Structure formats: C-alpha cells, structure tokens
Amino acid sequence: MPFDRNYLENKWKESFPIPPNILRSWGLGLLVVEKNGLTAKLDSSATAYFGLNESITNGWEIQLGDFLRDENLAEIKRQVFQLAAKEFELDLSLKKNSEREELRSFWRTQNELFLVAVWREKTAEHKSAPTPAFPADLHRIAIICFDRDQKVCSVNEPFTQLTGYTMRDIPSLDKWQAKLGNLSASLSDELDTAHFLNSNAALQKNLKILRTKEGKSLIVEESHFFYGIHHFWTYLDVSDHWQIVEELEKQKQYIDSILSALPDLLFIIDRDGRFIETKSGQLDNLAIPLEQFAHKKISEVLPNPFADRLMASIVQCIADKEPTAIQYDLPINGVIRDFEARIAPFGSDRVVVLARDISASKNTERSLKKTKEFLEQAGRMAQVGAFEYFPATRQLNWSSATREIHEVPDDFIETIENAPTFFEKNTDRSVVFKAWNNALCFGENADFEATLLTFSGKKKWVRVIINSELEEGKCVRMYGTMQDITERKKTLEKQQQFISEAPSAMAMLDTQMRYLAYSKKWIEDYQITDKDILGKSHYEVFPEIGEEWRTIHTQALTGQSFGRDEDRFERADGSVNYMKWKINPWYDGEKIGGLIMLTENVTNEKVALNSQRRLSKIVEESVNEIYVFDKNLTITHANKAATKNLGYSIEELTGMRITDLLEDISPSGLHSTYLDSLSSIPDQKMTLETLHRRKDRSLYPVQVNFSKLASDGEEFFVSIALDITERINHIRAIEEQNRILKDIAWMQSHVVRAPLSRMMMLLSLLENKDIVYGEHDLLKSREEVIQSVKETAEEIDRIISDISTKTKTLNPSLENEEAPTPAKQPSTDSCEFWLIDEDELSQLVNRYTVIQHGLSERPRQFHEAEEALEILMAENQPGRSFLILLDLQTLERSKTNWLDTLISAEIKASLAIITMDEQGKKNHEPKGKANPYVVDHVTKPLKKSQIERIKKHMREMGTT
C-alpha cells in the first residue's frame, strides 16, 4: 500500500539525527521494516539494490518474503521480536536474483526497525574486493554535535571509542578544531586519487589528521552539515582503508604498466563468447576496429572456422579451469598474419585471452623447416650426415645421411654401444674413443679423419667433427657431423703419388705443415739426410726457417699464393742455396687442406751469374788492356784500360780488327803464328811482345797474351795487353847501370890496384931506415920517396873521384849530397807472395800486376782455400814470411773456417793477410777485425795506389 514519502525521513529523524540525503551521499540505501518483520518500506536509494523498478516500488510497502530467502527472513523476525540488540550485522541473500549475492546491513531498534543496506554483485571481482571506503556500517561513524553557541551538545559512542574524548574533554568547537590538522597537499592528492572523497556527494568532505587522547594520529574523513539549530561533525577512520587502497593502487599501476608494455591483444570474454573488455597493444594487429568488439559475441566479429575453435577452447578452459592455447591465422590488411591465443580462466564464467602476433617466429619456423629440408637434401648429396647424443639418457640419434653413410637397414637402431664398432679395431677406433671421451669429459671439440666398415662391409673414409654443449661445466649434449670423404681421399692419394714421382722438387703438406708427400728431387736438392719425413713438421726438417717464411706459410693457408724467381736460403750448416719457388694452397673439398711447394735450386745459375758479373767487373776495372775478338779478328769488346791507353772510344774500338792495333803483325801472320796453335792445342796460351798503335799514331811497347775461349758452341779469343813501357825503360836503365858498374868494377880491380901496390912499396921503403940511396937508383933519396908517395896518393884520389862520378850517374840524387849513410832497407824478395783466388782470369790479371810492379817475380797461385791452408800449415816455420792476397768469395765457398783456424793454430812464421773483393768494402769486417793476421782490404783487380800499400806491408814484415 502507498505511504507518505516523508515517512521514512521522519522516522529516521526520530531514531538517528542524520538526514537521509546525507545517508544517500554515502551510497547507502534505507529500509524501514515493520514490527511484524514481514513488510518494509523502501527509500528510493534502496530500490536499485533490490533490482526493482523505482517507479513501481518507491513509496510502497514490499513483502520481504518475496525477495529474501527463508533463513534470512526468519532471522529478521527473531531480531524484531526480541528487540534484544542495539545493532547487528546480517548477510542477506536475495531469493530470486542469483546475480546479487548479499546485503550488508546495519539496524537499530526503536519503535521500528531501520535497515541500512549496500548490495553488491555476485562476481569474482566483487568477492575479492575490500570493503568500500565509505560508511557501510553506521556504527563506525563518529559524530559530535554543537549548538548554535558552538557548545558541544552530544557525542556518540563511536566518537568516544575513536578519539578517546568525552563531552567534558571538548567544551567548545574551538577546542575541538585545535585537535585537528590538515593533510599535506601531496597526501591529500594521493587520498583523492584513491577515491576516498566522493565528488558526487551532497556535502563537502575533507581529510584531516586527528590526534587522539592517547596521542595517536589518525587519518579521518570529516563531514559537516547543519540540521535544525545543530552543527553535526562526522568522522570516519580511513587509515586502514588508505593503506589498502594505496597498495591496490600500486598493484593496479604495476598491472597497467605490464599491460601497456605488452604488444599482445587482451580480451575478457564470458562463457557465452561475449567480449566484456578489450585492450590492444598494437592496433594494427586487429582485423576490425577495437570499438567494434565491445559487448559483441565472437561469432559476430571473427570469421569461421576460427570463431568456433576459439569458442570451444573457452568452454573447455572454463570447464577444466586450466589454461590452454591455440594458434590461428587471420587476414590483416590483405596479408595473412599468424597469431597465438593463450586462454586462462577468470572467475567462474569468464576467461582472459592474450593474443600475440607470431608471424615473425612462424616465418622463421617455416624458413628453418625449408632450410632443414634443404640441408638434409644437400647433406645427402654431399654425403654429410649429422648426429647428436644425450649423456643423461644415453640416446644417440643419426640423421638420414649418416645412416646412408653407414649403409644400415631401415630397422637398424643406432646406440652408443654399436656405433663405435663400425670403425676399425685398434687403429681408428682408439682415435674415436679418445675424441669422444675428451668431448664428453672435458668439453673438448674434435675434428679427425678415420676409416669405417659399413654395415655391408664396404670400407669408407670419413671426416668426423664432434662438439659438446656444457651446462655448469657438465656435458649435456654432444653433436656433430660425419662426411664421406672416400672419393676425396682417393684423389689425394693420386696427388701424393704424382708429387712423389715428380722430377721437380715438390712437397705436399697439411694445414699443420706436416709432410703428406714429397719427391726424390726434394730430398736431393735440400740434402735431407732423413729419407722418410712423412708426417714430420716442415719446421722440424728445416729448423733454420725464420719468421718471414712462417708468415708466408700462414698467409698461404688462408688461400693466397706466393712465389719468387730467386730467394736466398741459408741452411743450418752455414751453406747458402738460391731457390726459385712457388707456394699454393691445395683444397680438400671446399676448405684448404694444406700447401704444395714447388722449388728449383738455382744456386749454380746464381753462382754463374755472379761470376759473370764479377769477371765483367774485373775485366772492366783491370789496369791491363783486355780485348775480345772473334775468329775474323773483329773486336767485340774492350775494357776501360784499352780505351784509356789507346785513346779510342768503346764505339770506335768495337768493329776494328785486333791487328789494327799491332804495329808489326799482319792478320795472316797472327793466325798462322799464334791463333792456329791456340785452336789446335787445348788450354794453350801464347805470349809475344810488340808495339801498340794509339789513335794519335804513337807507339808503346806491350806484352800480349792470347788465349782461346768457347761459349755456347762459339769460339772467340781474348787478348790481354800489358803496357811494358816502364819495364823496358827499367831494363834499359839496369843495362846502363850494369855497364857503369862494370867500369867501376874494372877500375877497382885494375886502376886502383897499381897505385895502391906502388904506395905500399914506397911505404915499405920509408919504414926501412937502413937503406942507402945511390945516384944510379930510381929514387935517389928519402925525400924523393916521400914525394912519390904524395904523387901516388893524388893518383888514387883522382881514381876515387872518377868512381864517385860514375856512382852519381847510377843515382843522381846522391849528387852534391853529403847525408849520412841510410839504414839498410829490407828486401821484399825474402817475403813469399801468395795469390788465393778461384777465379782464373782474376788471378791471371793480378799475377801480371804483381810481377809488373815488382812485388814478386814468381807469386804462388792457389784456386782453393783448403789447399792453401794445408800448405801454409806445413811450411809454418820460424824465419819465413808470407804475404797472402785472399779473395773473400773463395773464402766463403771454403768448407773450412779459414781465418778462425789461423787464430787457433800456432803460427811461427811471419804472416800478413790482405783480403780482396770486387767492391773493395769490408763486407766481412767483423771477421777481419777479429783476426790479427788481416792487415788490409783491396779491390779486384789491384790498383796502383793499393800496390804501394802492399809494398809498405811487405817492408814492415821485413823490418819485423
């Protein structure tokens, strides 16, 4: 039946002086239950909580039995009849609406029962949610009332319980407000964010800090309103709620941050397939706009058959209460994209769906699948198989290519026990076991070659690579490849056979520079004493190899090729080889298998070339005139001395006939007298003295030596002409001196003897005092005898003067000179002169120079240093002197350390060594300085200035 709309408000004023509008601002609904406990009147705020239409129910009585379950109704009746309690709480469940779960209530007994109620939905989120931050129970609200004079009128029991103050403690409003403090702006903002203040409230609410009587600080929600002549201040302790909401807010922010960071699509869907909530990390992953999902079913927005699959998965997830996942593809902007949906239960009738774009991983997976299929096919074509082993389960897996290599039947099961039996026992099997155990126990990778016998008994060469996968130092997986290299091995064996039989010096090495094959010529050229060097390191065979060669080998192993037409290679024993070489990598399939070296010993060619250059230099620098002419007597070459002495240029001399230079020899006479004999008698040499005609037609005497040489089947002649002008003049001077000396000797033996005899006779007369002189005597008196002595002395003086004059003729420097007699100069004839030079032409030119300049009439010649050293040691006697002109090139080729032997030997003779080479520089200066017998160094051939230095050394040896 209808009732007055103010009825509830009036009844409420009588029982509790809080206006209903204030009550509604707290979000509460109000019911008044009749004394019979069966009927009640509803406030408009409570209508919505009962799920009733306000236009029908507002202001009308309702039957509680129509809405509440029997057990709740019975409890209300009991409480109404007893009126025993001031207040109590009761959970009331609706009878007909299963979606609403409970009614939280507070009531007070007056003349009628007042019920303050808050409904909440029967959902999981509402079940787990804490009590809202508003006064769901009025008994928690502290109320203090002041009159118009701001004197306290009353406080309720919750006020005293909350603050500890009574009316006596708070006489006035000023005293009370002194106990309150405002929150800081930041804290107030936080509490506002936490929704402690309801912006839709009908009255103003503030947050305060309340200091209780016990000194405790509380955060309270303060409300102030007027009702009649009274001021009401209400306080609700929200300290605990603030902490809870703050924690919830942090959790909410954390979850929001995670969801914002995820690129996944998030949906909340109920058991009917309806989208309750949606969130998209990447909008381009949506098949339709996000707003079109709201409150629609799966079948309305997603295509079949995917919609049916998703719906079936959702139903299964809710029923099993277990997460599940499905993969699907959808067209997005005309492109098929791959997705994965993970579905998890959310409450009793909803699920959370996370959908992620897995197109990239799916494309990678497809690509890997194709790659795997391609590699499997390529492996079968290249005969490369794979394997893996798991130590924990002792499971061994072979790829199809590996099975084909072993030629096993389809029903064969590979195991860790039977796999090694395919390898030959006691040889390759031990290598396999060692590599396998090292990989398993120590994590060492292996790469080796071995032979195996297939299931059908066929022998194959295989290359095996083993890798290990470690976790915390323990092997958890082993994997690798096996390649059939039988054909490659056969090819390699052919290569090795070819190299071993090659006529050239060749060697084949692996990547570790170990010998795989080599030719006989390799052993011969390098004079390797160990005839079997297979498997040995190249650096063991040639320990003298330096860093330059090692660098070349390293670079060649990267695929580069190297070579030189000539390179100096000094061996460990000090000998030197000159090599022409090439180094190229050889390939084992696609990778480098090692190096192939091809060398040619060009030492002889190098020596010949050096000799040719040296001889050419000797010829050019010789002080003698040297001509090369053919059988037609045409000059083809002449040295510098020839152009200097004759006055012709090289161009002028070339083309002239050799007889154009000879004054008194015709071409026919030269042939018949000299050249024909040279051609008929091997190693014959012819010498003559004649005159050379200069360009200015002047003549000078020369001694000419003719010899015949042959090269490349062609004969030619060499003429070495020595200018003997000085020698002839010297001979003429000697002949003149000899004539004068003969005159002097005759005078001394005949002219001087007569007056001396007469002087002696006269002196004897003077000594004999008893002699009596007569008139008939030749000397009639002693005085006449004395006069004869004087005349004889004058005669002797004249003779001596004549001798002196003749002596001055021999040596004009003695004229008008009365210097004391000089000390006797040592003769060079007592010093033996040796020439040690392997080069015949060089030795011949130097021999003529030594003889021409009077260093020695017969110098001793040696072509080998060893022979000279042996003879020197045999003739090493005190009193003998040796001056040795030693060629350094000959010394280098000597097997004996010549100079060091002299230091260690006891040299009794006087010894001086003068070294020589083409450059004239002390290339071997350290040896020379360390050897006390080396006194000088000269060039080849000798020069005039050097001849004077040699004479000086010979004089010093004579003095010593």
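Conventions used here
For every chain, the first residue of the written sequence is number 1, and numbering continues from 1 along that sequence. For a predicted model such as this one, the threshold for reporting local features is a pLDDT of at least 70, and the threshold for listing and counting side-chain atom pairs is 80 or more; totals across whole chains, interfaces and linings nevertheless cover every residue. Side-chain descriptors were evaluated using all non-hydrogen atoms of the structure, hydrogens and water having been removed beforehand. Secondary structure elements are defined from DSSP: runs of H or I of at least 4 residues count as helices, runs of E of at least 2 residues count as strands, and each element is numbered from the N terminus. When accessible area is computed with a 1.4 Å probe and restricted to protein chains, residues below 20% of their type maximum are described as buried, those above 50% as exposed, and intermediate ones as partly exposed. Residues count as neighbours in contact if any of their non-hydrogen atoms are within 4.5 Å of one another. Note on areas: Shrake-Rupley, 1.4 Å probe, and residue coverage restricted to the protein chains presented here. Aromatic pairs are defined between Phe, Tyr and Trp rings, using the six-membered ring for Trp, whenever the two ring centres lie within 6.5 Å; interplanar angles under 30 degrees are classed as stacked, those over 60 as edge-to-face, and all others as tilted. In this scheme, the term charge over a ring applies when either NZ of a lysine or CZ of an arginine sits within 6 Å of the ring centre and within 35 degrees of the ring normal. The pairing criterion for strands is at least two bridges between them, as found by DSSP. Axes here refer to lines fitted to C-alpha atoms; in helices the fit is confined to the stretch in contact. Angles between the N-to-C directions go from 0 to 180 degrees. Every case where a carboxyl oxygen of Asp or Glu lies within 4 Å of a side-chain nitrogen of Lys or Arg is listed as a salt bridge.

Explain the overall build of the chain here, please?
In terms of helices and strands, the chain carries 32 helices and 37 strands. Expressed as a percentage of its 960 residues, the buried residues of the chain come to 40%. Summarising the internal contacts of the chain: among those between residues at least 6 apart in sequence, 49% fall at separations of at least 24. With an accessible surface of roughly 54,500 Å², the chain has 50% of that area assigned to carbon and sulfur atoms.

Explanation requested: the packing of aromatic side chains in the structure shown.
How two aromatic rings sit relative to each other is given by the distance of their centres and the angle of their planes. What the rule picks out here adds up to 25 aromatic pairs. On the basis of an interplanar angle of 70° and a centroid distance of 5.4 Å, the ring pair of W176 and Y235 is categorised as edge-to-face. In this pair, W176 is assigned in helix α8 (residues 173-177) and Y235 in strand β12 (residues 230-237), connecting sequence segments 59 residues apart. By relative accessible area, which is 0% here, W176 ends up buried. Considering the side-chain rings of Y515 and Y518, the 6.3 Å spacing of their centres and the 90° angle between planes classify their relative orientation as edge-to-face. For Y515, a relative accessible area of 2% translates into the label buried. Owing to a relative accessible area of 13%, Y518 belongs among the buried residues under this scheme. Taken together through their ring pairs, the aromatic side chains of Y515, Y518, W522, Y526, F542 and F569 make up a single cluster. The ring of W461 has K489 sitting right over it, with the charged end atom 4.5 Å from the ring centre. We note R550 situated over the ring of Y539; from NZ or CZ to the ring centre the distance is 4.0 Å.

How should the sheet that holds strand β23 (residues 505-510) be read in this particular structure?
Paired through backbone hydrogen bonds, the strands of a sheet run either parallel or antiparallel to each other. The antiparallel open sheet is built from 5 strands, whose spatial order is β24-β23-β27-β26-β25. Taken across any chain shown, the strands that pair with only one partner, and hence form the sheet edges, are β24 (515-518) and β25 (562-570). Neighbouring strand axes in the sheet, compared pairwise and without regard to direction, differ in orientation by 25° on average. Inspection of the sheet shows strand β26 (residues 576-588) paired to strand β27 (residues 591-601) by 10 bridges, in the antiparallel sense. Bridging across to β27, I583 finds its partner in M597. Relative to the sheet, helix α19 (residues 547-556) contacts β25, β26 and β27, its axis offset from that of β26 by approximately 20°. Along the sheet, helix α20 (residues 603-621) makes contact with β25, β26 and β27, crossing β26 at roughly 140°.

Help me understand the pairing of strand β32 (residues 714-723) in this model?
In terms of strand pairing, strand β28 (residues 625-629) meets β32 through 5 bridges, oriented antiparallel. Along β32, the bridge assignment pairs E625 with A721. Two elements, strand β31 (residues 699-711) and β32, share 10 bridges in a ladder whose sense is antiparallel. For S711, the partnering residue across the bridge sits in β32 and is E714.

Would you explain the pattern of salt bridges in this entry?
Any two side chains of opposite charge can pair, so long as their charged atoms come close to each other. Enumeration according to the criterion identifies 32 salt bridges in this entry. Ionic pairing is found between R514 and D510, a salt bridge with its closest N-O pair at 2.8 Å. Given a relative accessible area of 39%, R514 falls into the partly exposed group. Assessed through its relative accessible area of 11%, D510 is described here as buried. What you see here is one network of salt bridges that share partners, running through E407, K458, K460 and D484.

In this structure, what is going on with the sheet that holds β28? I would like to understand it.
A sheet is described by the order of its strands in space; here 5 strands give the open sequence β29-β28-β32-β31-β30, paired in antiparallel fashion. Because the sheet does not close on itself, it has two edges, and the strands there are β29 (635-638) and β30 (685-693). Taken over all neighbouring pairs, the strand axes of this sheet differ in orientation by 30° on average, direction set aside. Pairing of β30 with β31, which is carried by 9 bridges, proceeds in the antiparallel orientation. Bridge pairing in β31 links L688 to V704.

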